[in-house]
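Structural characterization, general
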Amino acid sequence: MTYINITSVKLFVKVQNIFGVCKVFACLIVIGGGAYEIAKGNTGSLGKGFEGSTTSPGGVALALYSGLWAYDGWNSVTVVTEEIINPGVNVPLSISIAVPLITALYVSMNVAYMAVLTPAEMVSVPAVAVAFGDRVLGRGSFLVPLGVAVATFGCALSVQFGVTRVCYTAARGGHMLEVFSYVNVKHLTPAPAVAFQAVLTSAFILTGNIRTLIDFASWFLWFFYGLAMVALLVLRRTRASSPRPYRVPTPVPCAVLAVALFLSVLPLVHDPSLKYLAALGFIALGVALYTVFVYHRKTPAALLRKFTFITQMLFQSVPPAEHED
């Protein structure tokens with residue numbers, strides 16, 4: 001993934017389109033298998049999906065982490081606005097088409113699972129989709145884990161593309177090391193930012209299991225979604241006349257802020273585990289680093305020059321043409 005995102009944006013688009021089509025095809029296979037089972041009359045488990053569920057607000061918040069994680073790719077398009085043609089039209093259009101479409105696919109897949117597996121079976125197996133494929137598809141069951149792998153790779157590829165643009169933009173604004181705002185002289189991609197994200201990803205993969213990482217990352221995401229909504233509402237009042245490529249109705253950020261508060265506060269009360277304390281520690285560390293190195297500009301200049309030189313040589317990167325001091 002790092003190689004693709006360093007090499008070419010066009011290559012990324014081609015690979016992403018291929019994997020996106022394969023992902024939808026895998027979803028349709030599962031939905032088709034579920035529809036066949038429902039047509040045969042296997043509907044006994046459809047009304048038992050919420051049996052034994054807890055209704056405590058904290059439990060609901062923790063459950064939503066895994067559910068909302070599946071839909072979190074919507075934010076990738078919002079952070080690559082600079083590279084989108086006519087973002088005022090294409091960003092709202094892509095979200096308004098993709099989110100309902102993905103919601104319909106995912107909900108239909110869950111109905112298919114519940115038509116074949118009981119709630120107890122879904123809880124006991126390590127991968128629901130694989131268990132579904134083994135029971136319904138027979139010799140074609142290999143298509144399900146293959147589809148999961150394809151979907152995971154495509155999602156991770158697009159997330160890396162978006163996250164590295166956040167790092168690139170932050171560096172251009174002076175909130176990250178300047179070298180992360182540099183681009184490769186041949187491919188015009190933010191190669192240092194992509195490589196930095198790959199290193200961070202590798203470190204997180206080595207430190208925990210997927211469920212812990214999802215809870216950890218989801219808490220981070222919704223905490224900063226809430227802060228982003230606060231910033232949007234403040235800027236909407238203080239800079240009402242500033243040009244905006246696109247605009248959403250004010251009730252939308254208010255609703256997202258309410259959800260972010262729900263998902264950020266209640267898990268800390270319901271399950272004050274080490275992963276949330278670690279997340280708070282990361283935020284505190286970020287505030288400390290920002291105060292020293294960005295706000296007060298207390299930077300080790302000689303060390304940064306050497307790091308910048310090595311990074312430029314390693315990734316053949318230079319400041320972009322529109323770089324601002």
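Bear in mind the structure is a predicted one, so any value in this text is a computation, not a measurement.

Attention shifts here to the UniProt feature "transmembrane region" (unreviewed entry) in the protein chain. The residues that UniProt annotates with the feature "transmembrane region" (unreviewed entry) are residues 18–39, 93–116, 142–168, 216–236, 248–270 and 276–296. Between the first and last C-alpha atoms of residues 18–39 the distance is 32 Å; the span itself is 100% helix and 0% strand. Annotation note: span residues 276–296, helix share 95%, strand share 0%, distance between end C-alpha atoms 29 Å.

Right, let's talk about the pattern of salt bridges for a bit. Evaluation of the coordinates by the stated rule reveals 2 salt bridges. Here E37 makes a salt bridge to K40, at a shortest N to O gap of 3.9 Å. In this structure E37 comes out as buried when scored by relative accessible area, which is 10%. Between R135 and E121 there is a salt bridge, with its nearest N and O atoms 3.1 Å apart. Taken together, the residues span a long stretch of sequence, with R135 in helix α6 (residues 128–136) and E121 in helix α5 (residues 119–124) at a distance of 14 residues. Take R135: its relative accessible area is 48%, and that puts it in the partly exposed class. E121 sits in the partly exposed class, given a relative accessible area of 25%.

Applying the stated criterion across every chain, the model contains 12 aromatic pairs. Centre to centre, the rings of W219 and F223 are 5.2 Å apart; their planes meet at 10°, and the pair counts as stacked. Of this pair, W219 and F223 are both found in helix α9 (residues 210–238), 4 residues apart, which corresponds to roughly one turn of the helix. Exposure remark for W219: the relative accessible area of 1% places this residue in the buried category. For F223, a relative accessible area of 26% corresponds to the partly exposed category. An aromatic cluster is built from F204, W219, F220, F223, F224 and F282, whose rings are joined through pairwise contacts. The ring of F161 has R165 sitting right over it, with the charged end atom 3.9 Å from the ring centre.

What counts, and where the lines are drawn
- Residues numbered from 1 in each chain as written.
- Predicted model: local features only at pLDDT ≥ 70, side-chain atom pairs only at ≥ 80, totals over all residues.
- Heavy atoms only, no water.
- UniProt positions renumbered as here; feature names shortened; annotations may be inferred.
- Helix = DSSP H or I, 4+ residues; strand = E, 2+ residues; numbered from the N terminus.
- Salt bridge = Lys/Arg side-chain N within 4 Å of Asp/Glu carboxyl O.
- Buried < 20%, exposed > 50% of the residue type's maximum accessible area, 1.4 Å probe, protein only.
- Phe/Tyr/Trp six-rings, centres within 6.5 Å; stacked < 30°, edge-to-face > 60°.
- Lys NZ or Arg CZ within 6 Å of the ring centre and 35° of its normal.

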